[in-house]
Structure formats: structure tokens, C-alpha cells
Amino acid sequence: MTPERKIPERRSRKARRTRDTLAQAAFELVLDRGLRNVTVEEIAEAADVDRRTFSRYFTSKEAAALDSLRGDGDRINAALRARPAPEPPLLAYRRAVLDWLADPGAEPWHRRPRIFDLLVVAEEEPTLYAVFHHIRVDAQEDSVAIVADRLGVDPRQDIRPAVTVAAGAGALLAAQAAWVRGGRPDALPALVAEAFDALSADLLGEPRPAPEQHLDAPEQHPGAPEQHPGAPEQHRGITSTTHTTRTTSTAEEAEGTEATS
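Definitions and cut-offs
Chains are numbered independently. Their residues run from 1 in the order of the written sequence. Local features in this predicted model are restricted to residues whose pLDDT is 70 or higher, and side-chain atom pairs enter the listing and the counts only when it is 80 or higher, whereas totals over whole chains, interfaces and linings include all residues. The basis for the side-chain values is all heavy atoms of the structure; hydrogens and waters are excluded. Helix and strand labels come from DSSP, where a helix needs a run of H or I of at least four residues and a strand needs a run of E of at least two; each type is numbered from the N terminus. A 1.4 Å probe rolled over the protein chains alone gives each residue an accessible area, and that area as a share of the maximum for its type sets the label: buried under 20%, exposed over 50%, partly exposed in between. In this description, contact between two residues means that some pair of their heavy atoms is separated by no more than 4.5 Å. Salt bridges are defined by distance alone: a side-chain nitrogen of Lys or Arg within 4 Å of a carboxyl oxygen of Asp or Glu. Between the N-to-C directions of two axes lies an angle of 0 to 180 degrees, each axis being a line fitted to C-alpha atoms and, for a helix, fitted only over the stretch in contact. What sets the label is the angle itself: under 35 degrees gives roughly parallel, over 145 gives roughly antiparallel, 65 to 115 gives roughly perpendicular, and the rest give oblique. For any helix crossing, the convention is left-handed if the near helix is rotated counterclockwise from the far helix by under a right angle, and right-handed if that rotation is clockwise. Three categories are distinguished: nonpolar for Ala, Val, Leu, Ile, Met, Phe, Trp, Tyr, Cys and Pro, charged for Asp, Glu, Lys and Arg, and polar for the others, with Gly belonging to the last. In this analysis, a patch consists of residues with relative accessible area above 30% that form no salt bridge, clustered at 9 Å for like charges and at 5 Å for the nonpolar side chains Val, Leu, Ile, Met, Phe, Trp and Tyr. The Shrake-Rupley method, run with a 1.4 Å probe sphere, supplies the accessible areas, and residue values consider only the shown protein chains as cover. When charges are tallied, Lys and Arg are placed among the positive residues and Asp and Glu among the negative ones, while His and the ends of the chain are skipped. The location of each charge is read from NZ of Lys, CZ of Arg, CG of Asp or CD of Glu. Note on ring pairs: Phe, Tyr and Trp rings are taken, using the six-membered ring of Trp, and paired if centres are within 6.5 Å. Classes follow the plane angle, with under 30 degrees stacked, over 60 edge-to-face and the rest tilted. Two N or O atoms count as a polar contact when they lie within 3.5 Å, although within protein this holds only if one can serve as hydrogen donor and the other as acceptor, and sequence-adjacent residues are included solely when both atoms are side-chain atoms. By this rule, a helix spans an expected 1.5 Å times one less than how many residues it contains. As used here, the arc is the angular range of directions from the helix axis to the C-beta atoms.

Peer 1: Go over the environment of Val97, please, and point to the residues and values.
Peer 2: In this fold, Val97 is placed in helix H6 (residues 89-102). Since its relative accessible area comes to 0%, Val97 is described here as buried. With 95 residues separating them along the chain, Val97 and Val192 place their C-alpha atoms 8.3 Å apart. Excluding its chain neighbours within four sequence positions, the residues that come into contact with Val97 are Ile76, Leu172 and Val192.

In C-alpha cells:
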């Protein structure tokens, strides 16, 4: 390697370290003190740089605090590229997300310290949530390109890649929101699986297996008639009475016709 090439690489590594230091300082200060109680100057000071240096890397304190989440979209997209080609696109997206969640080396949200706390704050702070939304949109644009490549189509002419990614990313977002509001940091993988199950079953009308905890037969009230599989929702007595009334009316009409003739 020539000396001329070493210099740009050294500068690139230094820039990466500076960016990571700023992001980590913003992350910790926002969680420790609250977004509104932290200034850009304080983040720069904690990272031992000046305000101008901060502005070279980030447009706002929100962008700096959430920078650690930006790589997660890249990790999901890398997993999506690695999925077998014959897999249907939405199934491939689902399994890519679950692969990311199951990989300790990828540091998914439920395994990374304080990410749960950061997303709780993002739910409460509109400006922080807006930046989080832009991070997701950037990742989804790459996902659309990957799905389009898997299908061999032009995403500007074929809407299927965008629909696939919008559906899959929506399921992930719903699971993330339920995760944050539920207060259980370890529950994210189960919630993601549940969200994708709802997407593929309930919303598309496909049969969905009942959870094991719901397999017990429903409790019947004393004296209630036994319900058999395939029986109509109406009470059997009501169904029978309706049938009898219609038969009687038909017979009476027939007799009236004979008498008239």
C-alpha cells in the first residue's frame, strides 16, 4: 500500500471515530438528562470537539442521538440479500428481520444496552421520532431495490416491491411500538413474529393457528345447548322454528290455491 493511499484511509478512520464519539455522547446525554435538557454545544464538549466539528457530521442533536440505529437497516437489508431466491418477497423480508433479531453479533435492539430506553424517549419526543422516521425511510428505499432485484422488475414500473416493503416494515414498526409501550425489553422477537403472523393471516383472510394458551374449549353457561362443530351461529331452536314456519306457510298457500281453483 502506497503512503498516498494510507493517508485517506487514516483520515477516514479518524472521521469514523469522531462521528461515533459524538453519537455516543449524544446518546448518553439524551438518555441521562432528557432531549430538551441537552444542547449541541454540550454534546460537542462531551466528545472533546467544537461546535463546527459537530455540524460537519450531524444536522441536529436528534440525528446524533439516533445515529446508532442507522446501521440496523443495513443489517436487515444484508440479511434480505442473503435470503434464498425462491422465497416469496414478504416471507424473505420477514425472515431477514428475524435473522437480524436472532444474531447476537448484529446487536439487535433487544440485546443492545439502552436502545429500549432510547426508543421510549423517541415515542415521547416528536422531533426525535421524526428523525427516526427518516432513518427508517432510508432503509426501506434500499429494501425496495433489493426486492425489485429479487423479482427482476423495475420498481419505478412495478409496485410490488414497494408494497412488499411497506407491509413488512409496517409490521416491524407495529411490533416496535408494542414493544416500547409494553415495557418488556426481551419481548421484541415474539412481537415481531406476532405482527407478521397477523399480516399474513388475519389481514389476508388465511387461517391462523390458535395460540397454545387459547386451545382450551370455551366455558359454557349451565343449561346452554351444546355447540357442535359446523353449527350455525344462531341458536338451533331459532333455526328450526324458522324452517317450520316457512314450511307451514307454503302448505297453507298451496291449500288456498286448490280451494280457489
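Peer 1: Lay out the pattern of salt bridges with the relevant residues and their values.
Peer 2: Per the counting criterion, the structure on display carries 17 salt bridges. For the salt bridge of Arg156 with Asp154, the shortest nitrogen-to-oxygen distance reads 3.2 Å. Note on Arg156: relative accessible area 71%, which makes it exposed. Residue class for Asp154 comes out partly exposed when judged on its relative accessible area of 28%. Where Asp158 meets Arg160, a salt bridge forms, and the shortest distance between an N and an O atom there is 2.8 Å.

Peer 1: Give a detailed account of the packing of helix H7 (residues 115-124) against helix H8 (residues 126-151), specifying residues and quantitative values.
Peer 2: In the contact formed by H7 and H8, the axes pass within 5 Å of each other and the chain directions differ by 110°. It follows that H7 is roughly perpendicular to H8 by the angle criterion. Between H7 and H8 the crossing geometry is left-handed. Between H7, through Leu119, Val121, Ala122, Glu123 and Glu124, and H8, the contact on the second element is made entirely by Pro126, Leu128, Tyr129 and Phe132. Tallied by class, the residues present in the contact of H7 with H8 amount to seven nonpolar, no polar and two charged.

Peer 1: Can you break down a positive patch on the surface residue by residue, with the values?
Peer 2: Where like charges cluster on the molecular surface, the positive patch consists of Arg10, Arg11, Arg13, Lys14 and Arg17. Structurally, Arg17 can be placed in helix H1 (residues 3-33). Its relative accessible area of 51% is what places Arg17 among the exposed residues.

Peer 1: So what's going on with unusual backbone geometry? Which residues, and what values?
Peer 2: Phi at Asp48 takes a positive value of approximately 65°, unusual for a residue other than glycine. Mapping Asp48 onto the fold places it in the loop between helix H2 (40-46) and helix H3 (51-57). A relative accessible area of 73% means that Asp48 is categorised as exposed. A positive phi angle, near 70°, is found at Arg114, a position not held by glycine. Structurally, the position occupied by Arg114 is in the loop between H6 and H7. For Arg114, a relative accessible area of 33% translates into the label partly exposed.

Peer 1: Kindly report on the packing of aromatic side chains, identifying the contributing residues and their values.
Peer 2: Applying the stated rule across the entire model yields five aromatic pairs. Ring geometry for Phe54 against Phe58: centres 5.8 Å apart, planes inclined by 50°, an arrangement best described as tilted. Taking relative accessible area as the criterion, Phe54 reaches 2% and is therefore assigned buried. With centroids separated by 5.0 Å and ring planes inclined at 75°, the aromatic side chains of Phe116 and Trp179 adopt a geometry described as edge-to-face. Here Trp179 lies in helix H9 (residues 160-182) and Phe116 lies in helix H7, a separation of 63 residues in the sequence. The same class applies to Phe116 and to Trp179, which are both buried.

Peer 1: Before we move on, could you go through the side chain of Glu87 and cite the residues and values that matter?
Peer 2: Relative to the helices and strands, Glu87 is located in the loop between helix H5 (67-82) and H6. A distance of 2.6 Å separates a polar atom in the side chain of Glu87 from a polar atom in the side chain of Arg83. For Glu87, the contacting residues outside a window of four places in its chain are Ala92, Arg95 and Arg150.

Peer 1: How would you summarise helix H10 (residues 188-200) if you had to cite specific residues and measurements?
Peer 2: In this model H10 runs 19 Å from its N-terminal to its C-terminal C-alpha over 13 residues, within 8% of the 18 Å that 1.5 Å per residue would give. Among all positions in H10, only Leu188, Val192, Ala195, Phe196 and Leu199 are buried. Looking down the long axis of H10, one finds its buried residues gathered within 95° of arc, a one-sided arrangement.

Structural measurements only, silent on function.
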